[in-house]
Amino acid sequence: SPSLSAHKAPPRTKHMAGSGSDGTEDSDSSAEREQTNSSESDGNIHKRQRLTRASTRLSQSSQDTPDLKRAADHDESPPLTPTGNAPSSESELDISSPNASHDESQAKDQGSRDLDKDLSHRPKRRRCHETYNFNMKCPTPGCNSLGHLTGKHERHFAVSGCPLYHNLSADECKVKAISREKQEEEIKVQEETNSRHATRHQIPTSKQSKYKEQVAEMRKGRNSGLQKEQKEKHMAHRQTHGNTREPLLENITSDYDLELFRKAQARASEDLEKLRIQGQISEGSNMIKTILFGRYELDTWYHSPYPEEYARLGRLYICEFCLKYMKSQTILRRHMAKCVWKHPPGDEVYRKGSISVFEVDGKKNKIYCQNLCLLAKLFLDHKTLYYDVEPFLFYVMTEADNTGCHLVGYFSKEKNSFLNYNVSCILTMPQYMRQGFGKMLIDFSYLLSKVEEKVGSPERPLSDLGLISYRSYWKEVLLRYMYNFQGKEISIKEISQETAVNPVDIVSTLQSLQMLKYWKGKHLVLKRQDLIDEWKAKEIKRGNSNKTIDPSSLKWTPPKGT
């Protein structure tokens with residue numbers, strides 16, 4: 001009937017079956033088809049209207065809803081249709097039917113574009129640790145966490161980057177940062193203008209000589225001491241702020257040295273900030289501040305990847321013989337009562353007096369070597385090896401007394417180094433620094449290279465203290481060789497063969513001592529008697545120190561087939 005055909009069209013096969021030669025039935029069938037087409041058109045119009053209203057509501061709701069709430073709603077949205085949009089009504093589920101018109105597809109595309117445009121403006125979700133950092137506060141009393149010691153960041157969350165702790169303001173830090181950048185640019189330009197063959201220009205330029213005189217003039221009054229008013233000011237500052245602020249540094253030394261110290265502080269703070277951003281350290285909770293090691297309580301310098309349950313304590317207790325780390329003084333005391341170790345594992349390959357060196361194989365004593373690496377990382381910046389210790393040999397230096405062999409320092413060495421590195425990592429414990437043990441470790445590494453009949457060199461990059469120690473050692477070796485040399489012509493190759501020092505390190509040391517000159521197409525080694533006499537005077541003043549390596553006390557043969 002017509003009333004039924006207005007809502008549902010009869011099947012097309014039924015029309016074909018009812019057609020015949022009689023014109024009356026054909027006309028009835030034609031009328032039926034017209035009514036069916038009109039009903040389909042009416043239905044399509046209703047669908048288009050519902051689709052347009054649904055798209056409009058979706059667009060308006062996406063504009064009115066806050067960004068973060070929209071992002072959360074989008075995550076919980078129902079499955080997407082083939083067009084890429086979430087269905088908002090039953091009519092949208094039918095838009096891909098064969099009876100959909102061209103207008104319907106246009107309305108569908110417009111709704112898709114509106115939603116895609118709206119989604120493109122949604123902000124990306126923040127990571128959890130970034131949001132958490134903004135909720136943290138600087139531990140310095142009275143600090144609002146604004147500014148940074150480097151002058152490059154808007155906020156800080158640790159004492160190392162706090163301007164207030166360093167008795168500065170955020171604006172002063174920014175001004176100092178601009179000044180440092182200008183100086184670095186000037187130095188960079190000056191280095192680029194210098195000749196690549198630096199050995200041809202050993203004599204300082206007039207500008208360098210003038211700058212050296214200025215520095216000497218600025219450093220004249222650095223040992224004059226504080227006046228009475230300045231002492232009172234410093235004491236009042238200490239009484240007012242205690243350990244929550246850095247002591248006043250003005251007038252303690254020259255302005256030049258103070259500025260150098262400030263630059264070093266800013267550089268260290270920037271390195272810590274990079275590690276924090278990379279997620280390698282977490283201020284406050286997961287940073288070991290101190291360790292109890294034997295008779296000493298040591299402040300740590302860098303982050304070490306100890307297990308989180310130990311790192312978050314802030315203070316670690318370590319057995320100085322087996323290097324096991326513990327959580328409390330009570331556990332350490334019980335451990336020391338049972339610990340049978342009194343020296344490192346492995347073979348004792350050197351002994352003279354109270355100084356001994358043990359060779360520890362990373363494959364045979366894996367736990368000890370891993371604990372040694374974790375301990376060393378607390379005082380080394382560039383160390384990256386912690387657990388993969390099997391390809392390395394560790395040479396541990398100790399000082400003996402009636403309680404056992406106490407750890408002084410160590411260096412590690414690859415069993416098979418293709419680049420002939422004789423040191424991979426080297427460390428002197430802080431309580432033994434500036435006593436000559438660092439040079440002893442370096443000298444011992446070159447002694448092993450001499451026995452192996454190889455030329456050695458430390459693996460790069462070196463830490464700041466390591467670079468200073470190696471340069472001092474190379475200087476001493478070269479001056480001693482010059483002092484004992486009686487010939488007329490000095491060969492760098494001969495120096496390298498006798499001292500086991502790499503020729504590259506020899507050349508760089510000669511350049512720093514201004515003992516290498518380029519003349520008539522050749523490099524000449526100059527024997528500067530003033531430097532040799534100065535070194536000899538220091539040797540005589542030092543006397544017969546026991547801080548030297550005696551080759552006759554070495555009982556070692558190069559390992560084979562490791």
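Model, not experiment: these values are computed from the prediction.

**Some words on the packing of helix α14 (residues 437-451) against helix α15 (residues 464-484)**
Put simply, α14 and α15 touch, their axes get as near as 10 Å, and they point 65 degrees apart. Where α14 crosses over α15, the two elements pack in a sense that is right-handed. For the pair formed by α14 and α15, the contact residues are Lys-439, Ile-442, Asp-443, Ser-445 and Tyr-446 on the first element and Ser-469, Tyr-470, Ser-472, Tyr-473, Trp-474 and Glu-476 on the second. Considered class by class, the residues forming the contact of α14 with α15 number 5 nonpolar, 3 polar and 3 charged.

**Digging into the sheet that holds strand β4 (residues 325-326)**
Taken together, 4 strands build an open sheet; the order of strands is β2-β1-β3-β4 and the sheet is mixed. Of all strands in the sheet, those with a lone pairing partner are β2 (296-299) and β4, marking the two edges. By the bridge criterion, 4 bridges tie strand β1 (residues 290-293) to strand β3 (residues 315-318) in an arrangement that is parallel. The partner of Ile-291 across the bridge, within β3, is Leu-316.

**A word on the nonpolar core**
The nonpolar side chains of a soluble globular protein tend to be buried, and buried together. Membership of the largest hydrophobic core comes to 78 residues, with the highest contact counts inside it found for Ile-291, Leu-375 and Phe-444. When residues of this core are sorted by domain, at least three fall in each of domain 2 (284-341) and domain 3 (342-541). Discounting chain neighbours no more than four positions away, the residues touching Phe-444 are Val-349, Tyr-350, Val-357, Tyr-395, Phe-411, Ile-549 and Leu-554. In terms of nonpolar packing, the next biggest core, distinct from the first, is built from 8 residues, Leu-292, Tyr-317, Cys-322 and Leu-332 among them.

**Considering the UniProt feature "active site" (unreviewed entry) in the chain**
As recorded in UniProt, the sites labelled "active site" (unreviewed entry) are Glu-459. Relative to the helices and strands, Glu-459 is located in the loop between β11 (457-458) and α15. Residues within four places of Glu-459 in sequence aside, it is in contact with Glu-414, Tyr-421, Val-423 and Ser-424.

**A look at the sheet that holds strand β6 (residues 355-361)**
Taken together, 5 strands build an open sheet; the order of strands is β5-β6-β7-β8-β10 and the sheet is antiparallel. Edge positions in the sheet fall to β5 (347-352) and β10 (425-428), since each has one partner strand and no second. When strand polarity is set aside, the average angle formed by the axes of neighbouring strands in this sheet is 20 degrees. Here helix α13 (residues 366-377) sits on the sheet and contacts β6, β7 (392-401), β8 (404-414) and β10; the angle it forms with β7, its principal contact strand, is near 75 degrees. Seen against the sheet, α14 touches β5, β6, β7, β8 and β10 and runs at an angle of roughly 45 degrees to β8.

**Quick word on the pattern of salt bridges**
In the structure shown here, the tally under the stated rule is 12 salt bridges. Its salt-bridge partner being Arg-460, residue Asp-505 comes within 2.8 Å of it at the nearest N-O pair. With a gap of 45 residues between them, Asp-505 in helix α17 (residues 503-512) and Arg-460 in the loop between β11 and α15 connect regions that are remote in the sequence. Note on Arg-460: relative accessible area 42%, which makes it partly exposed.

**Let's talk about unusual backbone geometry**
In this structure, the amide linkage connecting Arg-460 to the following residue, Pro-461, adopts the cis form with an omega of 0 degrees. Phi at Asn-167 takes a positive value of approximately 60 degrees, unusual for a residue other than glycine. If you trace the backbone, Asn-167 turns up in the loop between α6 (128-135) and α7 (170-193). Positioned with a positive phi, Lys-520 is a non-glycine residue whose angle comes to about 55 degrees. Judged by relative accessible area, Lys-520 falls into the exposed class, the value being 68%.

**Re α17**
Of all the positions in α17, only Asp-505, Ile-506, Thr-509 and Leu-510 are classed as buried. On an axial view of α17, the arc spanned by its buried residues comes to 135 degrees, and they lie on one face. Structural note: α17 exposes Val-504 and Ser-512 on the side pointing more than 90 degrees away from its buried face. Buried positions along α17 lie against α14, β11, α15, α16 (492-499), β12 (516-519) and β13 (522-525). Capping the start of α17, Asn-502 holds a side-chain oxygen 2.9 Å from the backbone nitrogen of Val-504, two or three residues further along. Backbone geometry just after α17 places Gln-514 at a positive phi near 55 degrees.

**With respect to the side chain of Ser-457**
Examined against the element boundaries, Ser-457 turns out to sit in strand β11. For Ser-457, a relative accessible area of 7% translates into the label buried. Looking at Ser-457, its side chain comes within polar contact range of the side chain of Arg-460, at 2.7 Å. Contacts of Ser-457, omitting those with residues within four sequence positions, involve Asn-420, Tyr-421, Asn-422, Val-423, Tyr-446, Asn-502 and Asp-505.

**Considering the pairing of β12**
Examined bridge by bridge, β12 and β13 share 4 bridges and lie antiparallel to one another. Across the sheet, the residue bridging to Trp-519 is Lys-522, located in β13.

**Concerning the side chain of Thr-428**
Examined against the element boundaries, Thr-428 turns out to sit in strand β10. Owing to a relative accessible area of 13%, Thr-428 belongs among the buried residues under this scheme. Those residues in contact with Thr-428 that sit more than four places away from it in its chain are Val-408, Gly-409, Met-433, Phe-437, Gly-438 and Leu-441.

**Digging into a positive patch on the surface**
Side chains of Lys-324, Arg-333, Arg-334 and Lys-338 sit close together on the surface and give a patch of like positive charge. Assessed through its relative accessible area of 59%, Arg-334 is described here as exposed.

**Considering the packing of aromatic side chains**
A full pass over the atoms with the stated rule returns 14 aromatic pairs. When the centroid spacing of 6.2 Å and the interplanar angle of 55 degrees are considered together, the rings of Phe-411 and Phe-444 count as tilted. Of the two residues, Phe-411 sits in strand β8 while Phe-444 sits in helix α14, which places them 33 residues apart along the sequence. Take Phe-411 and Phe-444: they sit in the same class, and that class is buried. The cationic tip of Lys-327 hangs over the ring face of Tyr-310; the distance from NZ or CZ to the ring centre is 5.3 Å.

What counts and what doesn't
- Residues numbered from 1 in each chain as written.
- Predicted model: local features only at pLDDT ≥ 70, side-chain atom pairs only at ≥ 80, totals over all residues.
- Heavy atoms only, no water.
- Axes fitted to C-alpha atoms, helices over the stretch in contact; angles between N-to-C directions.
- Helix = DSSP H or I, 4+ residues; strand = E, 2+ residues; numbered from the N terminus.
- Left-handed = near helix turned anticlockwise from the far one by under 90°.
- Contact = heavy atoms within 4.5 Å.
- Nonpolar A, V, L, I, M, F, W, Y, C, P; charged D, E, K, R; others polar.
- Pairing = 2+ DSSP bridges.
- Core = buried A, V, L, I, M, F, W, Y, C linked by side-chain atoms within 4.5 Å.
- Buried < 20%, exposed > 50% of the residue type's maximum accessible area, 1.4 Å probe, protein only.
- Domains from an automatic or database assignment.
- UniProt positions renumbered as here; feature names shortened; annotations may be inferred.
- Salt bridge = Lys/Arg side-chain N within 4 Å of Asp/Glu carboxyl O.
- Arc of directions from axis to C-beta.
- Polar contact = N/O pair within 3.5 Å; in protein donor to acceptor, adjacent residues only side chain to side chain.
- Patch = residues over 30% accessible without salt bridge, like charges linked within 9 Å, V, L, I, M, F, W, Y side chains within 5 Å.
- Areas by Shrake-Rupley, 256 points an atom, 1.4 Å probe, with all protein chains shown as cover.
- Lys, Arg positive; Asp, Glu negative; His and termini not counted.
- Charge placed at Lys NZ, Arg CZ, Asp CG, Glu CD.
- Phe/Tyr/Trp six-rings, centres within 6.5 Å; stacked < 30°, edge-to-face > 60°.
- Lys NZ or Arg CZ within 6 Å of the ring centre and 35° of its normal.

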